[in-house]
Amino acid sequence: MGMIWVGIVNGLREIMAHKVRTLLAVSGIVLGVAALVSMVGVIEGLLGSTRQSFESMGGIERVQLERENPPDRQVDIAFRSPGMTLADVAAIRHTVEDISAVSGVFEMGWRRVQGPRHRDWDRIKGIHPDFFEIMSYEMEFGRSLSEYDLQEKARVIVLGPYLARRLFGRISPVGRHVVLEGEKYSVVGVIREEIVPGIGNSENTLHWKFRQSFIPITTAQERRSVEESISKIELLVDDLEQLPAVKDALTNTVRMAHNGILDFRLETREDQLAELNSMERNFKFSLGGIAAISLVVGGIGIMNVMLASVNERIREIGVRKAIGAQGSDVFIQFICESILISLLGCVIGMFISLGIIRVFQEFVPGGDVIESIPWNAMFIGFAFSNTIGILSGLYPAFRAAMLNPIEALRHE
């Protein structure tokens, strides 16, 4: 431990004695650490926003069944299928295991909704109560829809936060009424808005998720004089390990309900998650490669400085060995000096990276999603720079440790 302390003290003395040379040597480390920390921090922040949006939309557990044109071989017999209906929802609910929530969706499109003093447009959907769980909706005021509302085909509505603000301001509209297509609906709840800052000019990547309001699916069908037909089915898988089995069970159940006609398609979010993970991995590898090149260049610079230091201090090394210093003592001294130089570059690079991140936060739209201090990236930069410091100091330290003291003392 004593030799390590001596190595640190001597290393600091050498750094202070050759400031310009040291700063030039660590420039590669500075650039490498600054690039690594700032870019990894920026990418993690921006992609973290995308990942948060993905999870807020149900995550990988969410599965969709949508209408699809039947294959060419079934076009002539497609009339045998009743299409996507409420019967499909009931069949899935009663026969498919490992599903925690299922809801039909009846798209009514954009409709004008009239409040007490204002009116505005919003997307209106007819749904089952499970839809709120599938889409991770929480209530700001009141309640969500219930099975009783479906049974009674009740004229009730759950407003999205955007429409609620436009029609009623900041007060709770629960118990009040709105007019939708000439019919009066009682407001039973308002959805709480979730803010996920976006990239670019988007203030909230989930804006469209909350730009819609909901009524019971049976009420929506009655309004459209459609007894059973629905637009799609949304599901939430209870156990991801059972996802392949659930997909097979869903396909078989709906195929039987449609008399063997394949006029539907099953969509999972596995591909989206894989694409997101791949994009994040590619960004990190490419940026990490650029940073690694800078770090290697910095390591070469440190090695050159250390070799020059060994050449300048050959006589000093000979004196130390002549009075009893071991080769291991000399080795430790030069390794400590190499690590100190690398750490200096690491610290400077980290401060520069914090400045770069600050610039991104201030001047890049959506940059506020980036962490001010990306600890993970800093740890990686610290580990890389220390590794480079050790590796670049090995050869000079070994060379100094192997010097013959008699020849070293003769050196001029």
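Above this text sits the structure in question.
The following paragraphs examine the structure supplied in this document.

Each value, and the rule that gives it
- Residues numbered from 1 in each chain as written.
- Predicted model: local features only at pLDDT ≥ 70, side-chain atom pairs only at ≥ 80, totals over all residues.
- Heavy atoms only, no water.
- Salt bridge = Lys/Arg side-chain N within 4 Å of Asp/Glu carboxyl O.
- Helix = DSSP H or I, 4+ residues; strand = E, 2+ residues; numbered from the N terminus.
- Buried < 20%, exposed > 50% of the residue type's maximum accessible area, 1.4 Å probe, protein only.
- Contact = heavy atoms within 4.5 Å.
- Core = buried A, V, L, I, M, F, W, Y, C linked by side-chain atoms within 4.5 Å.
- Arc of directions from axis to C-beta.

**Thoughts on the pattern of salt bridges**
So, point 1. One pass over the structure, following the stated rule, counts 16 salt bridges.
So, point 2. As a salt-bridge pair, Asp130 and Arg93 come within 3.8 Å of each other at their nearest N and O atoms. Taken as a pair, Asp130 in the loop between strand E3 (119–127) and helix H5 (131–134) and Arg93 in helix H4 (residues 86–95) lie far apart in primary sequence, 37 residues in all.
So, point 3. The salt bridge partner of Glu181 is Arg111, with a shortest N-O separation of 2.7 Å. With Glu181 in the loop between strand E6 (177–180) and strand E7 (183–191) and Arg111 in strand E2 (residues 99–114), this residue pair connects regions lying 70 residues apart in the sequence.
So, point 4. The partly exposed category is assigned to Arg111, whose relative accessible area is 23%.

**Quick notes on the side chain of Thr268**
So, point 1. Relative to the elements of secondary structure, Thr268 occurs in strand E10 (residues 264–268).
So, point 2. On the accessibility criterion, Thr268 (18% relative accessible area) is buried.
So, point 3. Not counting chain neighbours up to four residues away, the residues in contact with Thr268 comprise Arg62, Val63 and Lys247.

**A look at the nonpolar core**
So, point 1. Of all hydrophobic cores here, the largest spans 36 residues; its most connected members are Leu65, Ile92, Leu159, Val178, Ile233, Leu235 and Leu250.
So, point 2. Ignoring sequence-local partners within four residues, the contact set of Leu250 consists of Val63, Leu65, Ile92, Val96, Ile99, Leu235 and Leu266.
So, point 3. Grouped together as the second largest cluster of nonpolar side chains are 25 residues, Val33, Leu295, Ile335 and Ala400 included.

**Some details on helix H11 (residues 314–322)**
So, point 1. The set of residues buried in H11 consists of Ile314, Ile317, Gly318, Arg320 and Lys321. All buried residues of H11 fall inside an arc of 160° around its axis, so they share one side.

**Overview of unusual backbone geometry**
So, point 1. In this model, Asp98 sits at a positive phi of 65°, which is unusual for a non-glycine residue.
So, point 2. You can see Asp98 is positioned in the loop between H4 and E2.
So, point 3. Note on Asp98: relative accessible area 31%, which makes it partly exposed.
So, point 4. With a phi close to 55°, Asn259 is a non-glycine residue in the positive phi region.
So, point 5. Here Asn259 lies in the loop between helix H9 (243–257) and E10.

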